[in-house]
Structures are given as structure tokens and as C-alpha cells.
Amino acid sequence: MSDPAISPDRFYVTTPIYYVNDRPHVGHCYSTLLADTVARFMRASGRDVFFLTGTDEHSERVASRAAEEGMTPIQWADRNAGLFKEAFAKLGFTNDDFIRTTESRHKDLVTRYVRTLLEQGDVYLGEYSGWWDHSQEEYLTETMAREHGFKSPVTGKDLVKRTEKNYFFRLARYQDRLLRHINENPGFIRPEARKNEVLGRLRDGLQDVPVSRGGAGDGGAAAWGIRMPGDEGHSIYVWIDALFNYLSVVDTRERRAYWPADVHLIAKDILWFHAVIWPCLLMALGEELPKCVYAHSFWIREGRKMSKSLGNFIDMETIDAYCDRYGTDALRWYLLTQGPMGATDADFSYAKFVEVYNADLANGIGNAASRVINMIHKYFDGKCPSAPSDSDDNARPLPGRARDAAFRVSACMGENDIGGALSAALGLSNAVDVFINDTTPFKLAKDPANMERVGHILYDCVESIRIAAVLLSCALPEKMGALLGMMGQPVPMDDGSFEEPLDKLCEWGRLKAGDAVTKGEGLFPRADGADPEPGSR
RNA sequence: GCCGACGUAGCUCAGCUGGUUUAGAGCGGCGGAUUCAUAACCCGCAGGUCGGUGGUUCGAGUCCACCCGUCGGCACCA
């Protein structure tokens, strides 16, 4: 595939690093799954992929929460970071690294970056004044404070006006350059609606932003963060610390070439930091900017936002229950095809899950594979029949469909359009269904004189299924691996790549007459929506 | 309060700079055909005042105004 959207060589994809006070839930899994799917696809395409995820650990609240739990901050962080690692491993994610911001490889570089900014005058000591919510250890903006009657929105306690010395980053200095970059690179902030949001706010102008917190010297919660270079009394504000992870992890001799990132996958709530502050920090450091910041929306539950107070998170228990009953791939498929990749939130619903599972997987690729393999068994003793000679193409729609599908999948993936890619791939298996109905090999097979023709038909079918399986493997690694195995074909390795690049594998005609095709278990047994939702009690 | 998004068939959504149609797709539903297959597949149908009102225009889901409804962001919680 010589698709221009996909340049060769390296590919670097990141997820947010997750707040280590959280417990992993569907939101974290979704962001990481998107990255995993893209990473698998790019590896299969032959690119040198680096896929990064991790945890953000220097929030002052981590320190205070740890104290509540009777642990040291690092003990608490260790435990929770472990939960994320465990969750992601269970889902088979193929991240190449997992950064924790408390690791020295990160901290050392953050210190270096900030020192550089200080020396250049991009960071300076100034004064910050705002409404301090002591109970939450955070400042509120003037508007927020007024809205809540100058009381803590959480605890209702009085806010106090507080002024402190702070280090600021000269964000305003980079406003024009950022604006130009956004306008000259339409794909920089995606989707479109998010870009417009940023442009709208940019019209109001940028102010310099604080990048430090005081009180680091007195052993308080701020002491947990990375110290401000040359000023032990301040620690680097956790957001700044966190953003640098994308660079720090690859800022090594071996990994430097991965930068700039091809895509930062994030959720919409952290758009501002990634689409404005982060690029400006990079500009100040003279670094190239990431090619794309892609902000997806949220999973919601029965029309309502998932929140602690409602206790309606899709937690790991529920996710595990879905995986146990339907397979990890089934959950991956649901999240990938029904998820909030666009500007609007998506509802997580069991009914929808069953619908999509049955329509796409059980009745779709699963059934198509089953009927083709079954006929090969029935009529050709489980041996791949021989391919038709390549004359009359108009009677053979599938080779063209396969080529088309491969092209479209790769074009879509190049634009982070995972949904489009998967529907193009699934379309190939649907085309097989139509072809079988049109050509009726099962009828022809009743007359032995037709067997050559039947073989030709089934060859096109099984070859198309093979290619569909290859194309779907980034989303359904386990099941498509099993399917390819049934056809005696190479299966994807643990990281999603194959021994040969995708474009080779998608060439028509790799299956040869006589290759054994084995019947396996049904890939996706039909789901019964009458069963109770997995994980419900 | 400020900025913005959205409101199109039962559900989820496409419809870019206004005139390719009697407004589309997928899923669900209904009918038909078929039997290789996981009661699957294939074919056909389903008639939604395109949130409301008023405008601009020869002509508007597609532009403007206002209204109603839902939602998001507003920079030190990540």
C-alpha cells in the first residue's frame, strides 16, 4: 500500500498519563485501547512504533491521600500504579513503556527542561494571587470562586484570598506562533470541534501561567513534587511535570528519533494543556511539536456522566466480567466501534453491546468465516481449493473488494479514523456473505460436474476472509489470530506485528491450493441479551 | 455571566462551502427468499413537519435572528 497518509519509519503514540489517585476504569482503558489499536496497526504495517502510557504521580493530593491511608506517598503511588499496569496487561495492551513521573529518568529531565526555560527567561519569578480552598488544597479562579459565593465548592468552607510567589511560564509570548501553527496544520488539533474550542479561547488571549508551587521546603504536600531548580522552596507544578513525560521518555540516545510524537491521544477535559500549554513549552525548548493532539469525548452511563458521587463508573470488575463472558476482543470491538471518538459523548450500554456484538462479530465475521470454512470441509475435505485463473474479473468481485478494503483501512488508520478502518475491514467479510448468496456454491455442489466452479468460488471467499482477518487483527488480535491459525496462516505476534508487513499479507493469492483449513470453535458465539449484564449483581 | 457545540427515521448517527433527487446509512422492527453457516446470511419494506418561530433567497436540515431543550469549556483537581 503506497498510501501517502502513512509515512514510513517511526511512529510514536501516547496516552495521557493517568492520575495515580484514580482507580482504573473504562475511560482509562478506552484511551489506552485506542492507542493500542493504532500501535498494533502501525507495527503490522512495518513501522517502528513506540507506544507510551503511564501514571502521573506528583499531585499534592497524592501525598495527602497517602497520608490518609497511612502510607508514604511512594507506597501509595506504587500500589495504584500497579493497578493500572495490571489492568492494561490484562487487556493485552502493547505499550512499549510505562512511565511513572516519580521515576528519576523523568524527574532528572524535567529539572533540566525547567532549568533551560529559567535560563532563557521563559520562566520567571512572579506573584500569584487567587482564591485558595484550603480543604482541597487548590486555587479557584475568580469566576469559579464568585460562582460558589467564595466558599469551597466541595466542602463549603470559606475561601481565602492568598498571594504567593510563583514561577511563571511566558505562555503569552508564544500565542502568535501557536495560532499560526494551528491554522497552518489543520490536523494538529482533532476533532474539528475541539480545534474550534481552542481557537475560540485563544481569541481572548493568553496569560502567563504559574508553573510552580510554593511550600515545598516546609515538608508539606508540595514537597512531594519535583523541586524547582535553584529554589528548594518551590516544586514544579504537577501539570507541567506531567506534560513533559511525552518528551522525557524518548529523550534518550536510543529513542530520540521517535520525537515528535505522531499523536497524543487524550480526552477532551485535558485539551487545553495538550493543545496550548504543551506546544508552547515545546516551542520554548526549541522542540518540534507533536503532529496531532486527538481529544476524544467521554463514556457516559445511562445518559449521565460517570462520577464518584453517582458511583456509576464502569470499573475493572465490570470490564473483567465482560471479557470473561464474551472475550477481550468483544469488549475491544464494542469500545472501538461505539466509543466517543468524535465530539460527543457515548453511552455505555449492555443492550448496545449485545446488539453490536451479534451484528458485527457473531453474525458478521464469525458467521462468514464459519460458513466458508465449513463448505471447504464439506466439499473439499478441508483442503483449500485451487484459485480460478485470473480471467473474467467481472464475475469475481472479491479480489477488488479486498484490495479496496486494505487501502481504505490503511488510509483511515493514517487519520486516526479507527471506526472507519474497522467498518471497511468488516465490509470485506460482508462482501463474502453477499458473494456466497449470489453464487450459491452450496447449490452447485449438488452436481459433481460443478466442483471446479465451487472451488473457485470458495477460494475467493476464504482468501477474502484471510485478508479481512489480517485487517481486523489490530482490533481483534486474539480471535483473528485464531482464525488465521485455522487457515494455517501466520498469526500476529504479541505486539500486533506479523513476520511480514501488512501490504504483503494483503496481497491476493497467498493461500495455496491444498493448504489445510481446519474447523475451529465458533469464534464469537451468539450473545443472548436476556442474560443479565456481566458484573451486575 | 462569557465562549462554543448539539437537537435529522424506535436507537446511534451521515448530510462540506444552500438547488443529484420523492432527506440517507447502520442497528432494531416487519415481510420475502434460502439452507453452506452461529434461528445466522441474502433481498425488500419501513414514510422522519430534518427542535420551534420568523426571515434572506427563484430555491434552506444546509444562511440570518429570536426562542425552547441538552451538553461542554472558561486555564493551577487531575
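The shown structure was predicted, so the numbers you read here are calculated from the model rather than taken from an experiment.

Draft legend 1. A look at the overall build of chain A. A tally of regular secondary structure across chain A gives 19 helices and 16 strands. Since a compact globule built from 537 residues should have a radius of gyration of about 24 Å, the 27 Å found for chain A is in line with a globular shape. Oriented by its inertia axes, the alpha-carbon framework of chain A measures out at about 90 × 50 × 40 Å. Restricting to contacts in chain A with at least 6 residues of sequence separation, those with at least 24 account for 76%. Taking the 62 positively charged and 77 negatively charged side chains of chain A as two groups, their mean positions are separated by 1 Å.

Draft legend 2. Seen up close, unusual backbone geometry. Between Arg190 and Pro191 the backbone carries a cis peptide bond, its omega angle lying at -5°. Mapped onto the elements, Pro191 comes out in the loop between strand S7 (189-190) and helix H7 (192-202). Of note, Asp381 is a non-glycine position whose phi angle comes to about 60°, a positive value. With respect to the secondary-structure elements, Asp381 resides in the loop between helix H13 (350-380) and helix H14 (397-414). When its relative accessible area of 62% is taken as the criterion, Asp381 is described as exposed. Its identity is not glycine, yet Thr440 carries a phi of approximately 40°, on the positive side.

Draft legend 3. Region of interest: the pattern of salt bridges. Counting across every chain of the model gives 28 salt bridges. For Glu69, the salt bridge is made with Arg65, and the minimal N-O distance between the two is 3.1 Å. Arg65 sits in the partly exposed class, given a relative accessible area of 29%. Put simply, Arg255 and Asp97 hold a salt bridge, and the shortest N to O gap is 2.9 Å. You can see Arg255 sitting in the loop between helix H9 (245-248) and strand S12 (263-267) and its partner Asp97 sitting in strand S3 (residues 97-100), a full 158 residues away along the chain.

Draft legend 4. Molecular detail of the pairing of strand S6 (residues 160-169). Relative to S6, strand S4 (residues 123-133) is paired through 10 bridges, and the arrangement is antiparallel. If you follow Leu125 over to S6, its bridge partner there is Tyr167. Two elements, S6 and strand S8 (residues 209-210), share 2 bridges in a ladder whose sense is antiparallel. Following the sheet pairing, Phe168 is matched in S8 by Pro210.

Each value, and the rule that gives it
Within every chain, residues take consecutive numbers counted from 1 along the sequence as written. For this description, chains carry letters from A and ligands carry numbers from 1, given in the order in which they are written. This being a predicted model, a pLDDT of at least 70 is required before a residue's local features are given, and a value of 80 or more before pairs of side-chain atoms are given or counted; all residues contribute to the totals for chains, interfaces and linings. Calculation of side-chain values draws on the structure's entire complement of heavy atoms; hydrogens and water are dropped beforehand. Numbering goes from the N terminus for both helices and strands, where a helix is a DSSP run of H or I of at least four residues and a strand is a run of E of at least two. Note on method: radius of gyration uses C-alpha positions; expected globular size equals 2.2 Å times residues raised to 0.38. Any two residues whose heavy atoms approach within 4.5 Å are treated as being in contact. As used throughout, the charge tally considers Lys and Arg to be positive and Asp and Glu to be negative, leaving His and the chain termini uncounted. Charge placement uses NZ in Lys and CZ in Arg. For Asp and Glu, CG and CD serve respectively. Three labels apply to residues, based on accessible area from a 1.4 Å probe with only protein chains included: buried if under 20% of the type maximum, exposed if over 50%, partly exposed otherwise in between. A carboxyl oxygen of Asp or Glu within 4 Å of a side-chain nitrogen of Lys or Arg is what we treat as a salt bridge. Paired strands, in this sense, are two strands between which DSSP finds at least two bridges.

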